[in-house]
Amino acid sequence: MNRLHKFNLKIFCFPLVSLAFCLIITGSASAKGFQTTVITSPLTKDTVPLKNLPRPISADSAASDSIIIDSVPRIRTDTFSLKMSKDTLDAPINYEATDSAVLLVKQKIFILYGQTKTTYKDVVLTAPRVEMNQATNIVTAFNAKDSLGRVVARAHFQQGEENFQSDTIQFNFKTQKGLTKNTFTRQDEFFVNAALFKKVNATTTFARRVIMTTCDFDEPHFGFVSSKGKFIANKIAVTGPIHPEFEGVPVPIYLPFGIFPLNRGRHSGILPPQFTVNEQFGLGLEGLGYYHVINDYLDVTLRGNLYSYGGWSANLIPTYRKRYRYSGGFNISLQRTKFNFKGDPDFSLVKTFFINWNHYVDQKAKPGTNFSASVNAGSTKYNQFVANNPLRNVQNQLTSSISYSKTWVGKPYNLTMSANHNQNNATGLVNINLPDAGFTIATIYPLQRKEMIGSPKWYEKLGIGYQGNFRNQISFYDTAKNSFKSLLDTLQWGAQHRIPLLIALPPLGKFIVSPFVSYEETWLTNRIRRNWNNLTQKVDTLSNSKGFYTDRQVSFGLSFNTTVYGTFNFKSSRLIALRHVIRPQFSLNYRPNLSKNNFDVIQTSPSGRMDVLSQFENNMIYRGYSYGKYGGISFGLDNNLEMKWRSRKDTGDAAVRKIRIIDGFGFNSEYNFLSDSLKLQPFSLYLRSNLLDKINISAQALLDPYQVDSFGRNIDRFVWQGNRFSPGRITSGSISMSTRFQSKPRDGTLGAGPRPGEGLNPLNPQGRDPNYIGDQQRLQDYMRRNPAEFVDFNIPWSLDLSYSLNFFRRLKPDFSGFTTEVNSSVSFNNSFSLTPKWNFSTTGYFDFNALQLTQFTMTISRDMHCWQMSISVVPINQTRYFNITINPKSSVLQNLRVNRTRYFYNF
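Undergrad: Whenever I open this one, the overall build of the protein confuses me. Can you help?
TA: Of regular secondary structure, the protein possesses three helices and 56 strands. Burial statistics for the protein: of 907 residues in total, 36% are counted as buried. Residue pairs at least 24 apart in sequence account for 52% of intrachain contacts in the protein once pairs closer than 6 positions are excluded. As displayed, the protein offers around 52,700 Å² of accessible surface, 58% of which is attributable to carbon and sulfur atoms.

Undergrad: Please explain the pattern of salt bridges as it appears in this structure.
TA: Side chains that carry opposite charge are capable of pairing whenever their charged atoms lie near each other. Inspection of every chain in the model, using the stated rule, returns 18 salt bridges. Of the charged contacts in the structure, one is a salt bridge between Asp-299 and Arg-321, with a shortest N-O distance of 2.7 Å. Note that Asp-299 is positioned in strand β27 (residues 298-307) and Arg-321 in strand β28 (residues 312-322), a separation of 22 residues in sequence. Through salt bridges with shared partners, a single ionic network connects Glu-642, Lys-658, Arg-660 and Asp-663.

Undergrad: Sorry if this is basic, but what is going on with the environment of Lys-145 here?
TA: With respect to the helices and strands, Lys-145 occurs in strand β11 (residues 144-145). Sequence separation between Lys-145 and Pro-128 is 17 residues; the distance between their C-alpha atoms is 9.7 Å. Setting aside residues up to four positions removed in sequence, Lys-145 forms contacts with Arg-150, Val-151 and Val-152.

Undergrad: Any chance you could explain the nonpolar core here in plain terms?
TA: Soluble globular proteins: nonpolar side chains tend toward being buried together. Ranked by size, the top nonpolar core spans 21 residues in total, and within it Phe-110, Met-132, Val-139, Ala-141, Phe-157, Ile-169 and Phe-173 carry the most contacts. For this core, the secondary structure elements donating two or more residues are β6 (93-97), β7 (100-104), β8 (109-120), β9 (123-133), β10 (138-142), β13 (155-159) and β15 (168-172). The leading source of residues in this core is β9, at five residues. Leave out the neighbours within four places in its chain, and Met-132 touches Ile-93, Tyr-95, Lys-108, Ile-109, Phe-110, Asn-137, Ile-138, Val-139 and Phe-173.

Undergrad: Is there a simple way to think about unusual backbone geometry in this case?
TA: Here Leu-434 and Pro-435 are connected by a cis peptide whose omega angle stands at -10 degrees. Positive phi is not limited to glycine here, since Asn-137 has a value of about 60 degrees. In this structure, Asn-137 sits in the loop between β9 and β10. A residue is classified by how much of its surface remains accessible, and Asn-137, at 6% relative accessible area, is buried.

Undergrad: Explanation requested: the state of the cysteines in the structure shown.
TA: Joining two cysteines, a disulfide is a covalent bond between their sulfur atoms. Tallied over the full model, the rule gives zero disulfides. This cysteine, Cys-215, is not joined by any disulfide, and Cys-866 carries the nearest cysteine sulfur, 3.7 Å off. Look at Cys-215 and you get buried, because its relative accessible area is 1%. The class of Cys-866 is buried, set by a relative accessible area of 6%.

Undergrad: Honestly, the confidence of the model for the protein in this entry has me stumped. Any pointers?
TA: As a note on interpretation, predicted positions should not be read in detail where pLDDT is low. Per-residue pLDDT for the protein averages 79, and the proportion of residues at 70 or more is 83%. The secondary-structure element of the protein with the lowest mean pLDDT is strand β4 (residues 67-69), recorded at 36, while β28 shows the highest, at 92.

Undergrad: For this particular structure, what's the right way to read the environment of Ser-736?
TA: Mapping Ser-736 onto the fold places it in strand β49 (residues 729-742). Judged by its relative accessible area of 32%, Ser-736 is partly exposed. When the C-alpha positions of Ser-736 and Ser-825 are compared, they lie 9.8 Å apart, and in sequence the two are 89 residues distant. Excluding its chain neighbours within four sequence positions, the residues that come into contact with Ser-736 are Asn-696, Ile-697, Ser-698, Tyr-803 and Ser-804.

Undergrad: Please explain the packing of aromatic side chains as it appears in this structure.
TA: Both the distance between ring centres and the angle between the ring planes are used here to describe each pair of aromatic rings. For the structure on display, the rule yields 35 aromatic pairs. Aromatic pair Phe-470 and Trp-493: ring centres 6.2 Å apart, planes at 35 degrees, arrangement tilted. Of this pair, Phe-470 sits in strand β35 (residues 462-477) while Trp-493 is found in strand β36 (residues 492-503), placing the two residues 23 residues apart along the sequence. Among the residues examined, Phe-470 registers a relative accessible area of 31% and is labelled partly exposed. Trp-493 sits in the partly exposed class, given a relative accessible area of 26%. Pairing Phe-635 with Phe-667 gives two aromatic rings, centres 6.4 Å apart and planes at 70 degrees, and the pair type is edge-to-face. Of this pair, Phe-635 sits in strand β43 (residues 630-646) while Phe-667 sits in strand β44 (residues 656-672), placing them 32 residues apart in sequence. Residue Phe-635 is classed as partly exposed on the basis of its relative accessible area of 22%. Here the aromatic cluster, defined as three or more aromatic residues joined through ring pairs, consists of Phe-190, Phe-222, Phe-224, Phe-246, Phe-260 and Trp-867. Positioned above the aromatic ring of Phe-142, the side-chain terminus of Arg-129 is 4.0 Å from the ring centre.

Undergrad: Could you clarify how one ought to interpret the side chain of Glu-245 in this entry?
TA: With respect to the element layout, Glu-245 can be found in strand β21 (residues 242-246). Put simply, Glu-245 is tucked away with no salt bridge, and the nearest opposite charge, on Arg-209, sits 4.1 Å away. Sequence-distant contacts of Glu-245, defined by excluding residues within four places in its chain, comprise Arg-209, His-221, Phe-222, Gly-223, Val-225 and Pro-250.

Undergrad: What exactly am I supposed to notice about the side chain of Gln-335 here?
TA: Relative to the helices and strands, Gln-335 resides in strand β29 (residues 326-339). Looking at Gln-335, its side chain comes within polar contact range of the side chain of Thr-352, at 2.9 Å. Within the structure, the side chain of Gln-335 is placed 3.4 Å from the backbone oxygen of Tyr-382, a separation counted as a polar contact. Residue contacts for Gln-335: discarding those within four places in its chain leaves Trp-312, Ser-313, Val-350, Lys-351, Thr-352, Tyr-382, Phe-385 and Val-386.

Undergrad: Mind showing me how you'd approach the pairing of β9 here?
TA: Two faces belong to every sheet, and in a regular strand the side chains alternate between them. Looking at chain direction, β8 and β9 are connected through 10 bridges and run antiparallel. Its bridge partner lying in β9, Tyr-120 is registered against Val-123. The antiparallel hairpin formed by β8 and β9 contains two residues in its connecting segment, where Lys-121 sits at a positive phi of about 55 degrees. Sheet analysis places β9 next to β13, joined by four bridges and oriented antiparallel. When the sheet's bridge partners are listed, Leu-125 is paired in β13 with Phe-157. Bridging between β9 and β10 involves five bridges; their strand directions are antiparallel. In the sheet register, Arg-129 faces β10, and the bridge partner there is Phe-142.

Undergrad: Just checking my understanding: could you explain the pairing of strand β26 (residues 282-293) for this structure?
TA: Note: strand β24 (residues 269-271) against β26, three bridges, orientation antiparallel. Note on β26: the bridge partner recorded for Leu-271 is Gly-289. With five bridges connecting them, strand β25 (residues 274-278) and β26 associate as antiparallel partners. Opposite Val-277, over in β26, you have Leu-283 as the bridge partner. The pairing of β26 with β27 spans eight bridges and is antiparallel. Following the sheet pairing, Leu-288 is matched in β27 by Gly-304.

Undergrad: Mind showing me how you'd approach the environment of Asp-551 here?
TA: By the element assignment, Asp-551 lies in strand β38 (residues 538-561). Taking the C-alpha atoms as reference points, Asp-551 and Thr-522, separated by 29 residues in sequence, lie 5.2 Å from one another. Excluding its chain neighbours within four sequence positions, the residues that come into contact with Asp-551 are Glu-520, Glu-521, Thr-522, Leu-524, Ser-595, Asn-598, Phe-616, Gly-624 and Tyr-625. Within the structure, Asp-551 has its side chain in polar contact with the backbone nitrogen of Tyr-625 (distance 3.0 Å).

What counts and how
Residues numbered from 1 in each chain as written. Predicted model: local features only at pLDDT ≥ 70, side-chain atom pairs only at ≥ 80, totals over all residues. Heavy atoms only, no water. Helix = DSSP H or I, 4+ residues; strand = E, 2+ residues; numbered from the N terminus. Buried < 20%, exposed > 50% of the residue type's maximum accessible area, 1.4 Å probe, protein only. Contact = heavy atoms within 4.5 Å. Areas by Shrake-Rupley, 256 points an atom, 1.4 Å probe, with all protein chains shown as cover. Salt bridge = Lys/Arg side-chain N within 4 Å of Asp/Glu carboxyl O. Core = buried A, V, L, I, M, F, W, Y, C linked by side-chain atoms within 4.5 Å. Disulfide = S-S within 2.5 Å. pLDDT = per-residue confidence, 0-100. Phe/Tyr/Trp six-rings, centres within 6.5 Å; stacked < 30°, edge-to-face > 60°. Lys NZ or Arg CZ within 6 Å of the ring centre and 35° of its normal. Lys, Arg positive; Asp, Glu negative; His and termini not counted. Polar contact = N/O pair within 3.5 Å; in protein donor to acceptor, adjacent residues only side chain to side chain. Pairing = 2+ DSSP bridges.

Below, the structure written as structure tokens:
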């Protein structure tokens, strides 16, 4: 045996007739170690030697070396043939080793030591020690152990997408078969450990003593154990009798076999149920079903819920998609709800249904054309009987919309058509708008020349447009027996047209001047006439007729706009500059009173008060225009405030930050010169700010400049007229503030939110394409019932606060005055990690009017490496509940969960 050190080797082995093995070595020093190439090839019996043949006389003394026979020059080449041996490989084997190599000539064995790498085609084998047997074409890789017998390095095998680590690997390059011991590999999201693996081809492997888990520890926290198994790469794994183990302790739950899909993407399979308890429906199994992939474009999910009192529900959820074209899904649900058993005084049986349809079209599929649908319709009592979902039980409003739109490319036309539906489950009232059409012509310039030469004339900038809407509405109660004639009696329709005229004038100095004219017309179907009855001392209705009625309005205006900038610079200060931007707005407007014949000016109270009542106020679609002529001005002032701040942490240009102090604040109002009283309109005040990028503030208010009488109604006298000065009365307003505070992430990166594979839609086993969602409500319910899957343990603590306040004056039903209503509330959401693995969070809503918490939820989450646990409690409200969930993090085992939920109703 010869031991070679620090050489590059080129080894050529030719099985000869008399000698089966020969070695040719050419070497040079190398600091890297051994780099060798083995090429095997048989040699034929003999070669044809080149003999010295007499050379014919050539006509040319400068003839070439070609052999001349019969005066015809011919080129003769000496050749030999190779006969391939049966044990010859069809590609070279490349070796690398950092320590040494041993060649056993008689045994035909080549041994490599120290960080070896063996490459044959797409097979890469790395190990601390490798033995290559040329006679059998078997390579054997071994692990390395320390002095205590612990494994410090394993052999690693990779072929294509398949790779694994083992204590010992035996692989035949010729047959592509192998045998491994104590092997660790990964199949999709599963980590597999087997005492013995037998690889029969590039994709199929058999195993003994198999442990499958989603835990990435060498000694996993849990796993599914089987005595044998078969693996087909990226397709499926099938095992014999299988049972779970936790921390090495077997759980006495045995199944005759196990099937683990390994193919990525969608695949058919059974959807396991969850055990629930409900006081109204009894014991239940929820979510039991089957998911079936029909083809690349269509799949179907069937789910069902069964309850011990005899109730059940079923959901059929087909989804469809065509990439880059469209996608959508249906959810057809049937409910048969039983309360208690037959013979019980409280026994009842209710049958309901619900239909959901969502459809989306890729905007790039057909530019200019779009079709979408969002349908939510069903029995008015359906939401009331959805089990274990208190939020949906009180949801009374349902809306649907199916819309189509088309924009002509290169032309100013746009068409929209839609069918809309809204339904009130509390009253049973259903409104259907069909069709709801709109047609728009963008501003065109009919007097403009086709070929512009020179400066345009003023009349060439005259533009005209059109906006038209047409709507039908049918209303009915779902509990009534509606005939076609009764439905037609509820039919209302209406249309509205608007034709704006404008002209683009060149700027007048610093001002932009824009004159405009607008004509509007509304078509209505109902008219009501009323009068004051002196005998009954109330307003009587004289007539309520149906027909075709019109209302018109014309307005003229001239607007002026400009922008004023102001900057104040600071010296020797971290505050570099303040910038104030002012945008004044001013316009002259005139609108004649074309609608005066469509109003009744009558007495409305015994005190003799006169009011103007519209004759079209009982139209549900369009109401007509306001009363009175208008000739006045509109004015407003918009502002924003910014500053430049120098930071102490940075230098140069990076140290200067631009901060928006106030995004916008200002006011708007009008003054009507033609009104006989109350000429100045109320001031609309507003403010918007994201203060220091931390606090988001939004506020609005309505400032009334007039005094009021004893009934709280405005009189023609300003508030500042009298003994004391006042800017006005704030009659309505609102303010909202929100902020978020959070600590720095533990790993120094941004919070990543839910981990990959968590929080997936239970209707979408793949969980990667949001277009697969067939029921948005089910997804929200899944998030509500599984809060731990959406906890970010990377953020030690966070706090979200939101406050809102609004108030307004409401007219009393008897017209005797006004009342002021104030509503204010605060909501909070906080998360605090007691340790890196324990998280405590609360969510609540406090109503200042009721002076109590109306919603409050507490959640404790535990990160258990490959598992997670959450405990949620709602201790207040009419519906109280607690929930305990323990489940794996991996998406492939998302239905393997222990879930216990209990509801307590207090109606």
